[in-house]
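Analysis of the macromolecular model
Each chain is listed here by its residues.
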Amino acid sequence: MTVEQNVLQQHSQKTLLNQLKEVTGTTDSQLLQQALQVSNGDLAEAVAFLTEKNTKTPHLSETPHLSETTYYQTAQISNDRYISVGSQADTNVIDLTGDDKDDLQRAIALSLEESNRAFRETGITDEEQAISRILEASIAENKATLKRSHAEVWRDSPNPYDRKRQDSCPVGLKNVGNTCWFSAVIQSLFNLLEFQRLVLHYSPPAHAQEQPRNQKERRNLPFMQELRNLFSLMVGSNRKYVDPSRAVEILQEAFQSSESQQQDVCEFTHKLLDWLEDAFQVKAEETREAKEPKNPMVELFYGRFVAVGVLEGKKFENTEMFGQYPLQVNGFKDLHECLEAAMVEGEIESLHSADNTARSGQEHWFTELPPVLTFELSRFEFNQALGRPEKIHNKLEFPPMLYMDRYMDKNRDITRIKRDEIRRLKEHLTVLQQRLERYLSYGSGPKRFPLADVLQYALEFASSKPVCTSPVDDIDSTTPSAGATAKQPPSFTSPAEQGASGSVDGAAPTLQQKTPPYKPFTQSCLPPNLPMHPAPRNITADELNVLEGCLHRWRSEVETDTRDLQSSISRIHRTIELMYSDKSMTQVPYRLHAVLVHEGQAIAGHYWAYIFDPRQNGWMKYNDISVTKSSWEELMRDSFGGYRNASAYCLMYINDRKRFLIEEEFDVETGLMVTGLAKLPVDLQEYVKEDNVQFERELKVWDMLQARKAQQEKQASATATTTTTTTTATAAAPPAGTETEAAGGDGTETPQANTTAAAQLPDPEYMEQQSPTDDSRHLREETERAIATAVAEHSTQGPEVLLNAAIEVEYTRLLRLAQEDTPPERDHRMQHVIVYFIQNEAPQKILERTLLAQFADRNLGFDERCKSIMQVACVKLNLITPEEVNMQEYEMWHREYQKFRDTTIYLMIGLELFKKENYVEALVYLIYAFQFNKELLSKGQYRGHDEKVIAHYRRECLLKLNEQAARLFECGEEAAVVSGLSLMTELVVPCIPLLLLEQVEEKDVVAVEDVRNRWCSYLGQDMEARLQEKLTDFLPRLLDCSTEIKGFLAPPTLGTYCTQELCERFGRIMAALSHIPADGR
């Protein structure tokens, strides 16, 4: 190993130590070295090692010898940048174990001074910090309750117009379960138009379309396609917001986390840029013309800096690449201070001096800045005592325009000169501030005052009217003695008047006199002639003249000195601020593009983004589905920190000289700006058009539903009036005229007859069965509940209005069930046919007629309102003409749902038998469940159940039966051998072509090979001749490679199951088998 390599290795190890120290707050060098050795240099594992070690540390209450001082020293993370061991800071330590009261007063004064200084630096009081820590502790204990559960995902409004995009308003992103971090980052990148164009026009390499070469391509290329789809919808969708679920699912698999965990924006951005870099690198290598292909992601987001330093007296210089640049927040007030601290580490005097001492340190200088410059703001620190991270709420300011000239390598020499000048000015500034502090906080005790005020107070004291007696004598002469207090009220006369009136003790008051109590703190009036301020007892005119002259002069001198100091301090501040304002240091401007804000604590919270819109020349706030106009004032309040628990976690600046980053495209021929779908490639245009057509269909369905509602309300109102009139006339007619109850004078049917006919229309079997626990009762309960809700909201309305309201209540409930993402054991499709229809996009007319049939049930409650609503529903049902609803299509949809229920029953019984280890019958049910389910899935994704689940248990049954048959054959007994071979011939062998033909998974083929190998293994074994003969006859059928499906057992007859029983049994068996591994045997 060369000397240079050794220096670089030592430098890298020291960098890791510094990073580990900043993340965990641990200052023990041996412990840090141990963590790096255990983790083999892996920073994440080292942090985990230290965290685990800290959690094993005994609690304060369990460690008697741990003093309170030690505890607070452990809890407080030191800042080694400013305070070193043995520095002047150690002189502030005061011994409070003795009885010296002056030390106690000094300690109190130092505490107050420290609190005031902390407030001036951070804008947060000690009380607020204490409250914040208490809140963080409380949140840590209730961490699970703070995280957004899956049920808290936004629900789409049933009215699609609420989800329609307004004009050219930016499109939001739906939060699909703790994905605000995804929305914030993606929106920030999407609004970089150059990045947007790169993603939209990305095409996978030719070889990857056929077969990905490695795991990265299998992961990155599908993600790139989903990202393209998402970006295309954000460009041209007619929706107010779009659903990013598919892209999020791929990312969450990579993070290896559940939906309930919330990601960090910096971590996610790192991962995202890595994936994008890999995806574009594959494309660049395919189309490269030069030796080194150019990766647009690298050129856009990655820069370079040179690290110049000294390590143990040896100089080194090496170049490194960076993406997101990390910055520490704690201890700094603005972004430039953070950058200055990040660019210089350790003692750097020897870097540009001839004297190479043993000091170590380094400087970073940017040699190449990326067009998009991203800063990670490290707003957390690890609390060693509590064993958890805590968020830093300190205020940190950042400018809308950032000039990076002072950090560029080409300006290294001039920047060093300016830094030296700033260091000298700051040293001078520190001296001036200390002097000013002595003027503004004068005194040696705990209470200090401005010196000018002290002199003014002295002048006021000297100028006060002198008194002849001491304040104690004055009080004694005006206060009655203890024996006379009850006899005479206190006198407020002057001492001279008291002498003239005689002795106080000699007065004899009458019994009627009462003594009013004197309340010195609440008395409304003061005794006359009592001095307002203390005053000197004796002072001559000459003494007063001299003293007033001195105090006036001293006060004037102090005020002049104070003004001079303040003026000098302001002038130095101004000089420092303008140090880099000359033209040569404003040539690399970076404008703030996006701010990613986090509100909450270190363990939980919510992200959103502020993004600058150059077209409107203003800020926009992107908060998941909500996109609103904002302002710089709102951004500062939410992003700087120190105001509440919201602060910026990530800053994204863009090179202001590279306008292509945010410039729109213009058509070469027309010169007009390219907008909307014209910005997209052809494949994405078709993708967006399909989605827009689907959304337009939703709007039309909604409009038709509303129009139908209005029409039905009008028709039902007229029909209800006619029905009432007919009923009254029928009641008055003689019995002989009963024929006219069903027909009018001209032979046409009356509405009442139509109502009866409509009510008697046969409903599907699953909607009306005759058992006591049948579906009709279940449907009636839901229907009556919807009617009750409608009546409660529209109690004064007629039956037609109530029917429409009840249908809307029921449809809203079913729509919510259809949109809910549930596990297999809670499949809502089995609860109601409408849920199945909605998920499979059945025509709206089918939905309407099915709902009307539900409300036209003649077995509804005996309440008059229910009866009247049922009658109106029957009338509306009869009014639906064949032109409006195709009855063949209507019956087809209901047959499909009946097949779905049958498939569910086959699957349910098969799984129940599988759990009971009755594999013979279970296989038959699972085979037919798979076949019927396959037919359903061929017509739509949501027509059936998960095919892989059924295939898994079908395969498991086959293997179990094969094992059972093989053991019977190995037994050797004639009856057992015949039973085993019969089991194979009648069940296993006919099932093999099904597995080979469909091949849902590769495991099916492997299972078939396992079955065949098991029986072929007997060929080389010694066995009786009769067994050898039976095996020889059986093996050709087992090894038949044709996929022709032989005769199989007839499908079992299914019983009748009501919805409640079906849902409960299916849910129980699915939940019971959910823990079985999908690939286990």
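In this text, all values refer to a predicted model and were calculated from it rather than measured experimentally.

**Things to note about the side chain of serine 183**
If you trace the backbone, serine 183 turns up in helix 8 (residues 180-190). Separated by 3.3 Å, the side chains of serine 183 and aspartate 624 make a polar contact. Contacts of serine 183, omitting those with residues within four sequence positions, involve Leu173 and Asp624.

**Considering helix 31 (residues 919-937)**
The first and last C-alpha atoms of helix 31 sit 26 Å apart over 19 residues, in line with the 27 Å expected at 1.5 Å per residue. For helix 31, the full list of buried residues reads Tyr919, Ala922, Leu923, Val924, Tyr925, Leu926, Ile927, Tyr928, Ala929, Phe930, Asn933 and Leu936.

**Considering the packing of helix 8 against helix 11 (residues 215-236)**
It is the contact of helix 8 with helix 11, at a shortest axis distance of 12 Å, that shows an interaxial angle of 70°. It follows from the interaxial angle that helix 8 and helix 11 lie roughly perpendicular. In contact with Phe182, Ile186, Gln187 and Phe190 of helix 8, helix 11 contributes Leu227, Leu230, Phe231, Met234 and Val235. Of the residues that constitute the contact of helix 8 with helix 11, the class distribution is eight nonpolar, one polar and no charged.

**Topic: the environment of methionine 579**
Here methionine 579 is to be found in the loop between helix 20 (541-577) and strand 12 (589-600). For methionine 579, a relative accessible area of 12% puts it in the buried group. Each residue touching methionine 579, except ones within four places of it in the same chain, is listed here: Lys418, Glu421, Ile422 and Leu425.

**Considerations on a negative patch on the surface**
Residues Asp243, Glu249, Glu253 and Asp821 make up a contiguous surface patch of negative charge. One can find glutamate 253 in helix 12 (residues 245-255). Exposure remark for glutamate 253: the relative accessible area of 63% places this residue in the exposed category.

**Topic: the confidence of the model for the chain**
Of the residues in the chain, 68% reach a pLDDT of 70 or more, and the chain-wide mean stands at 74. Of all the helices and strands in the chain, helix 4 (residues 68-75) carries the lowest mean pLDDT, 33, while strand 11 (residues 401-403) carries the highest, 94. This stretch, residues 1-5, has a pLDDT under 50; its non-local contacts, to residues over four places away or in other chains, come to three contacts. A low-confidence stretch, residues 257-262 stays under pLDDT 50, and its non-local contacts, those more than four residues away or across chains, total 18 contacts.

What counts and how
- Along each chain, residue indices are assigned from 1 in the same order as the chain's sequence is written.
- Local features are withheld for residues below a pLDDT of 70 in this predicted model, meaning they are given only at 70 or higher, and side-chain atom pairs are given and counted only at 80 or more; totals for whole chains, interfaces and linings count all residues.
- As a convention, hydrogens and water are excluded, and side-chain values are obtained from all of the structure's heavy atoms.
- Helix and strand assignments come from DSSP, with helices taken as H or I runs of at least 4 residues and strands as E runs of at least 2, each series counted from the N terminus.
- Two N or O atoms form a polar contact when they lie within 3.5 Å of each other; inside protein one atom must be a possible hydrogen donor and the other a possible acceptor, and for residues adjacent in sequence the pair counts only when both atoms belong to side chains.
- By the convention used here, residues are in contact when the closest approach between their heavy atoms is within 4.5 Å.
- For a helix, the expected span equals 1.5 Å multiplied by the number of residues minus one.
- Classification of residues uses two cut-offs on accessible area relative to the type maximum, computed with a 1.4 Å probe and protein chains only: under 20% is buried, over 50% is exposed, and between them is partly exposed.
- Lines fitted to the C-alpha atoms define the axes, with helices restricted to the stretch that makes contact. Angles between their N-to-C directions range from 0 to 180 degrees.
- An angle below 35 degrees is read as roughly parallel, one above 145 as roughly antiparallel, one from 65 to 115 as roughly perpendicular, and any other as oblique.
- We call Asp, Glu, Lys and Arg charged. Ala, Val, Leu, Ile, Met, Phe, Trp, Tyr, Cys and Pro are nonpolar, and the rest, Gly among them, are polar.
- Residues form patches when they are more than 30% accessible in relative terms and have no salt bridge. Like charges link within 9 Å. Nonpolar side chains (Val, Leu, Ile, Met, Phe, Trp, Tyr) link within 5 Å.
- Methods summary: accessible areas were calculated by the Shrake-Rupley approach with a probe of 1.4 Å, and residue burial reflects only the protein chains presented.
- The term salt bridge refers to a side-chain nitrogen of Lys or Arg lying within 4 Å of a carboxyl oxygen of Asp or Glu.
- Counting rule applied: Lys, Arg positive; Asp, Glu negative; His and chain ends not counted.
- One atom stands in for each charge, and that atom is NZ of Lys, CZ of Arg, CG of Asp or CD of Glu.
- Confidence of the prediction at every residue is given by pLDDT, a number between 0 and 100.

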